[in-house]
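Structural description and commentary
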Amino acid sequence: MKNIVVQKFGGTSVASSEKIKNVAQVILKEKSKGNSVVVIVSAMGHTTDQLLKLADEVNTSPSPRELDMLLSTGECVSASLLAMALQAEGYKAVSMNAMQAQIITEKAYNCARIIDIKTDNILKHINNDEIVIITGFQGITSDNEITTLGRGGSDTSAVAVAAALNAQRCDIYTDVEGVYTTDPRIVPNATRLDEISYDEMLELARVGANVMHPRSVETAKQYNIPLRVRSSFKTDNLGTLILGVEDMEIRRTVTGVAADLSQLRIVVCDVPDVPGNAGRLFDRLAKDDISVDMIIQSYARKHTNTNDIAFTIDKKDLTKVQSIIEEIKQELGCSNILVDDNIAKISIVGAGMIDHPGIAAMMFKTLAANDINIKMISTSEIKISCLVDEKYAKDAVKELHSAFNLGCDEIAEVKGTLPE
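In this text, all values refer to a predicted model and were calculated from it rather than measured experimentally.

Focus on the environment of Ile296
- Secondary-structure assignment places Ile296 in strand β15 (residues 295-297).
- Separated by 17 residues in the primary sequence, Ile296 and Gly279 place their C-alpha atoms 13 Å from one another.

Quick word on a nonpolar patch on the surface
- Together, Val77, Leu81 and Met84 give the surface a local cluster of nonpolar side chains, amounting to about 250 Å² of exposed area.
- The residue Met84 is located in helix α3 (residues 64-88) in this model.

Digging into the pairing of strand β9 (residues 169-174)
- For β9, a buried count of 6 out of 6 residues is recorded, marking the element as mostly surrounded by other parts of the structure.
- A two-sided burial pattern is seen for β9, the buried positions comprising Arg169, Asp171 and Tyr173 on one face and Cys170, Ile172 and Thr174 on the other.
- With 5 bridges connecting them, strand β1 (residues 4-9) and β9 associate as parallel partners. By the bridge assignment, Val6 is partnered in β9 with Cys170.

Quick look at the packing of helix α9 (residues 277-287) against helix α10 (residues 318-332)
- Across the interface, α9 lies against α10 with an axial gap of 10 Å and an inter-helix angle of 150°. Classed by the angle they form, the pair α9 and α10 counts as roughly antiparallel. For α9 against α10, the interelement crossing comes out right-handed. Contacts between α9 and α10 involve Asn277, Arg280, Leu281, Arg284 and Leu285 from the first element and Val321, Ile324, Ile325, Glu327, Ile328, Glu331 and Leu332 from the second.
- By residue class, the composition of the contact of α9 with α10 is 7 nonpolar, 1 polar and 4 charged.

As for the state of the cysteines
- Tallied over the entire structure, the rule returns 0 disulfides.
- Looking at the unpaired Cys76, the closest cysteine sulfur is the one in Cys170, lying at 20 Å.

Digging into the pattern of salt bridges
- One pass over the full model with this rule turns up 31 salt bridges.
- Between Glu66 and Arg65 there is a salt bridge, and its shortest N-O distance comes to 2.8 Å.
- Salt-bridge contacts for Arg301 lead to Asp270; the nearest nitrogen and oxygen are separated by 3.3 Å. Residue Arg301 is found in the loop between β15 and β16 (306-314), and its partner Asp270 is found in strand β14 (residues 263-272); the two are separated by 31 residues along the sequence.
- Here the salt bridges share partners, and the residues they tie into one network are Glu30, Lys33, Arg169, Asp171 and Arg230.

Regarding the sheet that holds β14
- Strand order in the open sheet made by the 4 strands is β15-β16-β14-β17, with antiparallel pairing throughout. Single-partner strands in this sheet number two, and they are β15 and β17 (336-340). The sheet shows a mean angle of 15° between the axes of neighbouring strands, direction not considered.
- As judged from the 8 bridges shared by β14 and β16, these two strands associate in the antiparallel manner. Paired with Ile266 across the strands is Phe311, a residue of β16.
- On the sheet, α9 packs against β14, β15 and β16 and is oriented at approximately 20° with respect to β16.
- Packing against the sheet, α10 makes contact with β14, β16 and β17, and its axis sits at approximately 5° to β14.

Overview of the packing of aromatic side chains
- In the structure shown here, the tally under the stated rule is 2 aromatic pairs.
- Seen from their ring centres, Phe282 and Phe311 are 5.3 Å apart, and the 75° between their planes marks the pair as edge-to-face. With Phe282 in helix α9 and Phe311 in strand β16, this pair connects stretches of sequence that are 29 residues apart.

Rules used throughout
- Residues numbered from 1 in each chain as written.
- Predicted model: local features only at pLDDT ≥ 70, side-chain atom pairs only at ≥ 80, totals over all residues.
- Heavy atoms only, no water.
- Helix = DSSP H or I, 4+ residues; strand = E, 2+ residues; numbered from the N terminus.
- Patch = residues over 30% accessible without salt bridge, like charges linked within 9 Å, V, L, I, M, F, W, Y side chains within 5 Å.
- Areas by Shrake-Rupley, 256 points an atom, 1.4 Å probe, with all protein chains shown as cover.
- Salt bridge = Lys/Arg side-chain N within 4 Å of Asp/Glu carboxyl O.
- Buried < 20%, exposed > 50% of the residue type's maximum accessible area, 1.4 Å probe, protein only.
- Pairing = 2+ DSSP bridges.
- Axes fitted to C-alpha atoms, helices over the stretch in contact; angles between N-to-C directions.
- Parallel < 35°, antiparallel > 145°, perpendicular 65-115°, else oblique.
- Left-handed = near helix turned anticlockwise from the far one by under 90°.
- Contact = heavy atoms within 4.5 Å.
- Nonpolar A, V, L, I, M, F, W, Y, C, P; charged D, E, K, R; others polar.
- Disulfide = S-S within 2.5 Å.
- Phe/Tyr/Trp six-rings, centres within 6.5 Å; stacked < 30°, edge-to-face > 60°.

Listed below in structure tokens is the structure:
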């Protein structure tokens, strides 16, 4: 059997009929190498946003099931059109939705996770020398209900399909040329990375570098699927290869710098310093599916035997979190709840940090030299994150990028669709 290569094309890559024809040529270039090609597509351009707007116009609180029914149609359009474009070039191609491809998910509308892919139908078409185009972002439950996978769902679909088919690699095509040391719109001489480890990409994705979604990187790491992030418009550029750290030669202590402006800080004040209070608070948040990132508990005040518990959450969860804390405020015995929504999480990431002392000191000294105060700090083996005032986010990224010598001599060319 031929090697299988999975290619994923995002919404900007299939945003028009001309771009779909361009994508067809990219697919045929891979096909000409003797490989079997399976393609995952997103909806065209801003189709998903337009569908959400239509839903809001008829019902401001649509049921999650009907919303998934609606949103799943976007990928069907681009998959069918792409199959037609390939057929017009004289090649056999077939489009498949999640039911036909048997992408099985849990029953969780709007944010389902893939639990199995039954590949028999896909392989039947591959063995017939057909190019298979599969709708991304969607799946079906065991009782044939349509679900969607949430943000970054098409990337996750592509990696999961690649793993199920034991593909040689998975290429993620987008309108940027790969993974950069930071956002090139903030630092014009940001360096495009030739390769990066799964762990580094996962950390960067979690702290604001939205080129890849964390779930897709996690899946690639779990099944050891090499990923390549590359441009749909500059196909001679091989982009960035994401692979296991054991397959890399570590050349840098710090690989990238990222800023995340989507979080806010909650401070629960004057919590009695007794066993179990922190557990009660975070257990209650977990039961409502609230993800907490950075956490700091202050040293207990001797005269009151209380402390403050500060943590960061996604801004979209603020209303729910405030309601939860108000509910258990009496149980905790706290005095007040403070919200700071003018913050940014600035992070440096690098597999080479493990064996190099002084990286944290360099980060803190660089921020201090630019009068940027640090509010919270969290670390892992390959990441250091600092919470700073939002107004200093861009300056912090620029100065840290320079301090760790991550720039190159060329100005990065970016088409402007990297997330703000």
